[in-house]
Structures are given as structure tokens and as C-alpha cells.
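Inside the fold
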Amino acid sequence: MSCNSAIYAVNTAEQTIGENITTTINFGAPERRFGNALNMSGGNVEVNGYGFYEVIVFLAITPNAGEVTIQILNNGVPVPGKTLTFTSAGALNIITLPCVVREKCGCSQSITVTVTAEAGATVSDATIEVVKL
């Protein structure tokens, strides 16, 4: 299968998640990019073309304690089935969340990921890959 647009961004700078504060993850700048349907803006992916897009999010996250919720949003709306809640304390967790989103309005949409941690957390690696199908 070939695609006409793709983007791959990585941010290895530590991102601190405050206690019970929903924080938008910053994926940094693109490492790889081609085509004109995908760009980065403010650390998030901007989708600028009609169609379906495969999204793969990878996070390395260490919660201080308690419950952590990770959510993928498409233009501010939660992607169905892409809210993950788990409990962990002090251990590194490697999370991979894949999904497919649809852009049908002909306007720019943003793909974002939020993290809420009951007792705070640290994200040490945030990677996103988006490919137009």
C-alpha cells in the first residue's frame, strides 16, 4: 500500500504531568515528513486533506502513583476506543495506541494526545506517526 502523505515526530525531552492536570503531549518537530496533507503545529499533528489517516502513538511514561488516563483526540473530540486508563506506581510503562481517523470537513484538524495522572507522571519519549491511507 502506498500513501501520499506521512509524518513521523519524536520528542525525547521529559514532559512533566501535574497531579490531576490534563496535559497535552508535545510531539516536537517532524523527523520524517512527505506530502502536503500533514504538518506539525505546536507539537501536534495537523491534518489538511480529506480522507482516512492511520495514527500510531507511542509513549514512555512513568507515573508517580495511582491512575493514569491517556486519550487520543481528533480536533478536540475523543477518538472512540482510544482512551486508556491504567494504574501504576514508579514503573516505566510503554504504551502504544493505534487508530484511524477521518478528515471529512475540508478544514484543518488537529490530532492531539492528552495524559491525566492522579499523582503526576513523567513522559520520557513521545512519538507519533500519521499516514494518509
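Per chain, residues are indexed from 1 in the order of the written sequence. Residues qualify for local features only when their pLDDT is at least 70, as the model is predicted, and side-chain atom pairs are given and counted only at 80 or more; totals for whole chains, interfaces and linings, by contrast, use all residues. Based on all heavy atoms of the structure, the side-chain values leave hydrogens and waters out of the count.

1. Topic: a nonpolar patch on the surface
What goes into a patch is any residue over 30% in relative accessible area without a salt bridge, connected to like charges within 9 Å or, for nonpolar side chains (Val, Leu, Ile, Met, Phe, Trp, Tyr), within 5 Å. Values of accessible area rely on a 1.4 Å probe in the Shrake-Rupley scheme; residue burial ignores everything except the protein chains shown. Just to be clear on terms, a salt bridge is a Lys or Arg side-chain nitrogen sitting within 4 Å of an Asp or Glu carboxyl oxygen. Residues Phe52, Val100 and Leu133 make up a contiguous nonpolar surface patch of about 280 Å² in total accessible area. Helix and strand assignments come from DSSP, with helices taken as H or I runs of at least 4 residues and strands as E runs of at least 2, each series counted from the N terminus. Along the polypeptide, Leu133 turns up in the segment after strand 12 (121–132). Partly exposed describes any residue whose relative accessible area lies between the buried limit of under 20% and the exposed limit of over 50%, with all areas from a 1.4 Å probe on protein chains only and scaled to the type maximum. Its relative accessible area of 44% is what places Leu133 among the partly exposed residues.

2. Here's the deal with unusual backbone geometry
Unlike most non-glycine residues, Asn20 shows phi in positive territory, near 55°. Its location among the elements puts Asn20 in the loop between strand 2 (15–17) and strand 3 (23–24). The exposure class assigned to Asn20 is exposed, which follows from its relative accessible area of 55%. Phi at Asn75 is positive, roughly 60°, even though this residue is not glycine. Turning to its location among the elements, Asn75 is positioned in the loop between strand 8 (67–74) and strand 9 (77–87). Residue classification places Asn75 among the partly exposed residues on the basis of a relative accessible area of 43%.

3. Points about the nonpolar core
Generally speaking, nonpolar side chains in soluble globular proteins are found buried as a group. Among buried residues, the Ala, Val, Leu, Ile, Met, Phe, Trp, Tyr and Cys ones that are joined through side-chain atoms within 4.5 Å form a nonpolar core. Core analysis: the largest hydrophobic core is formed by 33 residues, its most contacted members being Phe27 and Leu59. Leave out the neighbours within four places in its chain, and Phe27 touches Ala9, Val10, Asn11, Met40, Gly43, Val57, Leu59, Val113, Ala126, Thr127 and Ile128. Throughout, a residue-residue contact means that at least one pair of heavy atoms, one from each residue, lies within 4.5 Å.

4. Some points on the pairing of strand 10 (residues 93–103)
Side chains Asn93, Ile95, Leu97, Cys99, Val101 and Glu103 of strand 10 all project onto a buried face; the interleaved residues Ile94, Thr96, Pro98, Val100 and Arg102 project onto a face where none is buried. By this definition, two strands are paired if DSSP reports at least two bridges between them. The pairing of strand 7 (residues 51–63) with strand 10 spans eleven bridges and is classified as antiparallel. In the sheet register, Phe52 faces strand 10, and the bridge partner there is Arg102.

5. Some details on the confidence of the model for the protein chain
Every residue carries a pLDDT, the predictor's confidence in it, which falls somewhere between 0 and 100. The share of residues in the protein chain with pLDDT of 70 or more is 98%, and the mean pLDDT across the chain is 94. Put simply, strand 5 (residues 38–41) is where the protein chain has its lowest mean pLDDT, 94, and strand 3 is where it has its highest, 98.

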